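Coordinate inspection notes
So you can see what is in the structure, the chains are spelled out below.
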Amino acid sequence: MEWKHLLFETADDGIATITFNRPKALNALNAELLGELSSLLDIIAQDEAIRVLILTGAGEKAFVAGADINELAKCNALQGKCFANRGQSAISKLQALNIPVIAAVNGYALGGGSEIALACDFIYASETAMFGLPEITLGIIPGFGGTQRLPRLVGINIAKEMILTGKMISAAEAREIGMVNKVVAPADLMGEVKKTARSIAQKGKVALRAAKQVINAGIEVDLAAGCRMEIDAFALCMASPDAKEGTTAFLEKRKAVFKAGLME
Ligand code: DAK
């Protein structure tokens with residue numbers, strides 16, 4: 001399938017990459033791109049061969065420089081609602097994907113761009129990346145979950161400072177506050193992300209899915225309820241051939257080879 005504003009690649013090792021591809025507008029999110037993203041995520045969710053998804057931006061300057069301000073400026077209330085629906089639908093699908101998703105932030109990740117990265121499981125960034133939620137400078141607030149995901153990740157005080165000032169922070173600062181896991185030279189970014197993606201892709205699918213689901217669901221509830229969820233997720237893993245293979249491989253002093261399917 002052809003996409004106008006996205007590039008989509010899949011490789012034999014089960015790693016797929018979506019590249020936001022509007023480099024002349026620093027990959028800003030217009031309604032059409034958000035619609036494409038939502039449709040592509042539906043396809044990815046159904047594709048059992050994809051083990052890990054990477055998101056990145058085309059060109060050297062930007063991951064995503066936020067919502068397309070040209071479109072935003074012209075929106076009436078109804079068009080704003082349509083934009084919000086498309087965006088929130090895409091971001092919810094991203095967070096709900098069963099497979100791990102890594103953001104490879106290669107430049108500006110502003111507004112909706114930071115929010116997309118925050119909806120991924122974790123972020124690696126190039127040294128030149130800049131993060132920020134500048135919505136306040138446009139007279140609005142983050143609308144793709146930034147007011148919710150950022151405080152959960154970095155703490156309320158740091159999130160409030162970023163959202164209320166709208167100031168950008170460097171990749172190094174983002175690493176310091178725990179928003180970003182790793183910062184590398186721009187030329188090394190995709191290599192590092194793919195190395196981690198391949199390491200994850202070799203793990204058992206049932207355990208990966210269970211771990212992601214229980215972490216995401218557990219953060220929304222109290223500790224005791226989260227631990228109860230963990231018990232069920234653990235039991236599901238024990239019922240899978242992956243647990244048999246993983247423990248047997250250890251005892252046989254060999255590397256575990258997990259099958260690609262769920263219940264093979
Ligand atoms: N939208 C449209 N075009 C953009 C853009 C954007 N967000 N960001 C950059 N561009 C375009 C520029 O207009 C310029 O186009 P030409 O003039 O060449 O045609 C080209 O990309 C290169 O940008 P610059 O010339 O500005 O490049 P610089 O290196 O000088 O500056 C910059 C880079 C990233 C600092 C600067 O471009 C910038 O400040 N960009 C805007 C960042 C921003 O404020 N983004 C929007 C955040 S607000 C909602 C949910 C979510 C949202 C909204 C609603 N609902 C639920 C309804 C999200 C809102 C946001 O994301």
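Structure: see above.
A short tour of the structure in this document, coming up. (Residues numbered from 1 in each chain as written. Predicted model: local features only at pLDDT ≥ 70, side-chain atom pairs only at ≥ 80, totals over all residues. Heavy atoms only, no water.)

When helices and strands are counted, the protein chain shows 11 helices and 10 strands. Expressed along its principal axes, the backbone C-alpha trace of the protein chain runs to roughly 60 × 45 × 40 Å. Counting over 264 residues, the protein chain shows a buried share of 44%. Within the protein chain, contacts between residues separated by at least 24 positions form 70% of all contacts whose residues are at least 6 apart in sequence. When the accessible surface of the protein chain is split by element, carbon and sulfur atoms take 59% of a total near 13800 Å². (Helix = DSSP H or I, 4+ residues; strand = E, 2+ residues; numbered from the N terminus. Buried < 20%, exposed > 50% of the residue type's maximum accessible area, 1.4 Å probe, protein only. Contact = heavy atoms within 4.5 Å. Areas by Shrake-Rupley, 256 points an atom, 1.4 Å probe, with all protein chains shown as cover.)

Overall, mixed pairing links the four strands, which are arranged E4-E6-E8-E9 in an open sheet. For this open sheet the edge positions go to strand E4 (62-64) and strand E9 (169-170), each flanked by a neighbour on one side alone. When E4 meets strand E6 (residues 108-110), the two strands line up parallel, connected through two bridges. Across the sheet, the residue bridging to Ala 62 is Tyr 108, located in E6. Sheet contacts for helix H4 (residues 112-119): E4, E6 and strand E8 (130-132); angle to E6, the most-contacted strand, approximately 90°. (Pairing = 2+ DSSP bridges. Axes fitted to C-alpha atoms, helices over the stretch in contact; angles between N-to-C directions.)

The subject of this paragraph is the state of the cysteines. Tallying each qualifying case throughout the model produces zero disulfides. Note on Cys 82: no disulfide assigned, nearest cysteine sulfur contributed by Cys 75 at a separation of 8.1 Å. Cys 227 takes part in no disulfide bond, and the closest cysteine sulfur to it belongs to Cys 237, at a distance of 15 Å. (Disulfide = S-S within 2.5 Å.)

Spatial strand order, E1-E2-E3-E5-E7-E10: six strands in an open sheet with mixed pairing. A single partner strand is all that each edge strand has here, and the edge strands are strand E1 (6-10) and strand E10 (182-184). Pairs of neighbouring strands in the sheet enclose a mean axial angle of 20°, with direction left out of account. Two elements, strand E3 (residues 52-57) and strand E5 (residues 101-105), share three bridges in a ladder whose sense is parallel. Pairing of Leu 53 across the sheet is with Val 101, part of E5.

Here we come to helix H11 (residues 241-251). All buried positions along H11 are accounted for by Asp 242, Ala 243, Glu 245 and Ala 249. Each buried residue of H11 sits inside an arc of 165° when the element is viewed along its axis, so together they form one side. Away from the buried face of H11 by more than 90 degrees, exposed residues Lys 244 and Leu 251 are located. For H11, the elements touching its buried residues are helix H9 (205-218) and helix H10 (223-238). Once H11 ends, the next one or two residues include Lys 253, with phi positive near 55°. (Arc of directions from axis to C-beta.)

A few words now on the packing of H9 against H10. Where H9 contacts H10, the axes come no closer than 10 Å and their chain directions differ by 170°. As the angle between them shows, H9 and H10 are arranged roughly antiparallel. On H10, the residues touching Val 206, Ala 207, Ala 210, Val 214, Ala 217 and Gly 218 of H9 are Gly 226, Met 229, Glu 230, Ala 233, Leu 236 and Cys 237. (Parallel < 35°, antiparallel > 145°, perpendicular 65-115°, else oblique.)

Take the site of the ligand next. In the vicinity of the ligand, 25 residues are found, and the nearest of them are Lys 61, Ala 65, Ala 67, Ile 69 and Gly 112. Alone, the ligand offers 1100 Å² of accessible surface; in the complex the protein occludes 64% of this. Mapped by element, the contributors of at least two residues to the shell around the ligand are helix H2 (69-74), helix H3 (77-96) and E6. A breakdown of the residues in the shell around the ligand according to their chemical character gives 15 nonpolar, six polar and four charged. (Near = heavy atom within 4 Å. Nonpolar A, V, L, I, M, F, W, Y, C, P; charged D, E, K, R; others polar.)

Here Thr 247 is to be found in helix H11. Polar side-chain contacts of Thr 247 include one of 2.7 Å to the backbone oxygen of Ala 243. (Polar contact = N/O pair within 3.5 Å; in protein donor to acceptor, adjacent residues only side chain to side chain.)

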